[in-house]
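The primary structure of each chain is shown beneath.
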Amino acid sequence: MTSDKLPIDDALHVRPPASPLVEAALDLIKERVRLRLRESGMSWEEFVFSGSDRLVTAADIASVESAILGSGYRFDWSSRTSVTERPEAYKPLAGAEEQDAGFAHPEAPSAEPDEAGRALRGVGDNVVRYPADVSGKALYVRSNERVLELLTGGVPAGSIAIIDDSGGTLTAPIIDQFTGVICAGGSVRSHLGILTREYNIPCLMNAKVTGIREGDRIAIEATAEAKTTEDYQQGVERVGRVWLLEEAGR
C-alpha cells in the first residue's frame, strides 16, 4: 500500500457514483484520513482498530464542511436528488411563475368541483387518520431560502405546506406551524411522516398533485384511512384526496 492509497479505494472505485455532494465529501474525508495515516506511522489495520477514533478529529470533519461551503455549495435537502430521479413528480404547471411553484404530476387525478365546491387535485398516502379533514392555504416550501424566510418572518396562519420530498425535514424547525403537509415523495414511515405524526399535523406522503398554486385554499382528506406498512408490501392502494377549494386571486 502506498501512502496515497487506502485499502478501501478499490472497493469505492467500483461502486455506482453517488450525488456530487456525497462524492465531494467522500474525497475530502479520504484526504484527511490519508494525512492522519501518514502522520501516525501505523499500518492500516492499526490505524483503523486503534487509532482512527483519536487521530481523525472533529476539527478534521469541520474542515471538510468548511471546504464544501467555501466552494459555494450550500447544503440542500434530498429532494434535489429526487427531482433528478423522478422528474415527473415535480413537473411544473404550465406558465407557473417562481412564486407559484405549482406541480403538474401526470398521474394526479383531477375533477370539476363537486356539490360541496371541492375540485379534486391530487392524492397521497395518509399518515394518520383524523376525525375531520383539514383546510388552509397552499404554501410551497422548496428551497433553503424559503425555509430561512419562514424562520425569520413566521409561517402564515393556516398554511398547508407542499414539500418536494421527505428530505424536506429541513423544515423541522417550523413544522409545528403548519396546519397540514403534502409531500411529493417518501412514505408514511419516512422521517417527515414521523415528524408530522408526532406534532399531530395531518400529512399526505408520496403525493401526486396538480393545479395547485401558492395561496390557493385547499383541503386534505385527513379522514382517509392511514396507509400501513402491510399496504406497501402487498401493493394495496389506499389514499387521501387533495381538493382545491378556492383559487388565489383568479
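In this text, all values refer to a predicted model and were calculated from it rather than measured experimentally.

A.B. asks: Would you mind going over helix α6 (residues 144–153) with me for this structure?
C.D. replies: At 3.6 residues per turn, the α-helix brings residues three or four places apart onto the same side. For α6, the complete set of buried residues consists of N144, R146, V147 and L150. Viewed along the axis of α6, the buried residues span an arc of 165°, placing them on a single side of the element. For α6, the exposed residues lying more than 90 degrees away from the buried face are L148, T152 and G153. Check the buried side of α6 and you find it contacts β2 (134–141). Where α6 ends, the next residue or the one after it, G154, has phi of about 90°, a positive value.

A.B. asks: Sorry, what's going on with the confidence of the model for the chain here?
C.D. replies: Where the model shows low pLDDT, its predicted coordinates should not be examined in detail. Here the chain averages 83 in pLDDT, while 79% of its residues score no lower than 70. Confidence scores differ between elements of the chain, with helix α1 (residues 9–14) showing the lowest mean pLDDT of 51 and strand β6 (residues 217–220) the highest of 98.

A.B. asks: I would appreciate a short explanation of the pattern of salt bridges in the present structure.
C.D. replies: Side chains that differ in charge, positive against negative, can pair when their charged atoms come close. The final tally for this structure, using the stated rule, is 13 salt bridges. Residue K227 is joined to D125 by a salt bridge in which the shortest nitrogen-to-oxygen separation is 3.8 Å. Linking K227 in the loop between β6 and α8 (229–234) with D125 in strand β1 (residues 119–126), this pair joins segments that are 102 residues apart in sequence. Taking relative accessible area as the criterion, K227 reaches 9% and is therefore assigned buried. Of the charged contacts, one joins D164 and R142 as a salt bridge, the two residues approaching to 2.5 Å between their closest N and O atoms. Residue D164 is found in the loop between β3 (159–163) and β4 (180–183), and its partner R142 is found in the loop between β2 and α6; the two are separated by 22 residues along the sequence. Judged by relative accessible area, R142 falls into the partly exposed class, the value being 29%. Salt bridges sharing common partners tie together R32, R36, E39 and D60.

A.B. asks: Is there a simple way to explain the sheet that holds β6 in this structure?
C.D. replies: Adjacent strands of a sheet pair through backbone hydrogen bonds, lying either parallel or antiparallel. Strand order in this closed barrel of 7 strands is β1-β5-β4-β3-β2-β6-β7, and the pairing throughout is mixed. Strand-to-strand twist in this sheet, taken as the mean axis angle between neighbours without regard to direction, amounts to 40°. As defined by bridge partners, β1 adjoins strand β7 (residues 240–246) across 5 bridges and the pair is classed as antiparallel. For A119, the partnering residue across the bridge sits in β7 and is L244.

Rules used in this analysis
Residues numbered from 1 in each chain as written. Predicted model: local features only at pLDDT ≥ 70, side-chain atom pairs only at ≥ 80, totals over all residues. Heavy atoms only, no water. Buried < 20%, exposed > 50% of the residue type's maximum accessible area, 1.4 Å probe, protein only. Helix = DSSP H or I, 4+ residues; strand = E, 2+ residues; numbered from the N terminus. Arc of directions from axis to C-beta. Contact = heavy atoms within 4.5 Å. pLDDT = per-residue confidence, 0-100. Salt bridge = Lys/Arg side-chain N within 4 Å of Asp/Glu carboxyl O. Pairing = 2+ DSSP bridges. Axes fitted to C-alpha atoms, helices over the stretch in contact; angles between N-to-C directions.

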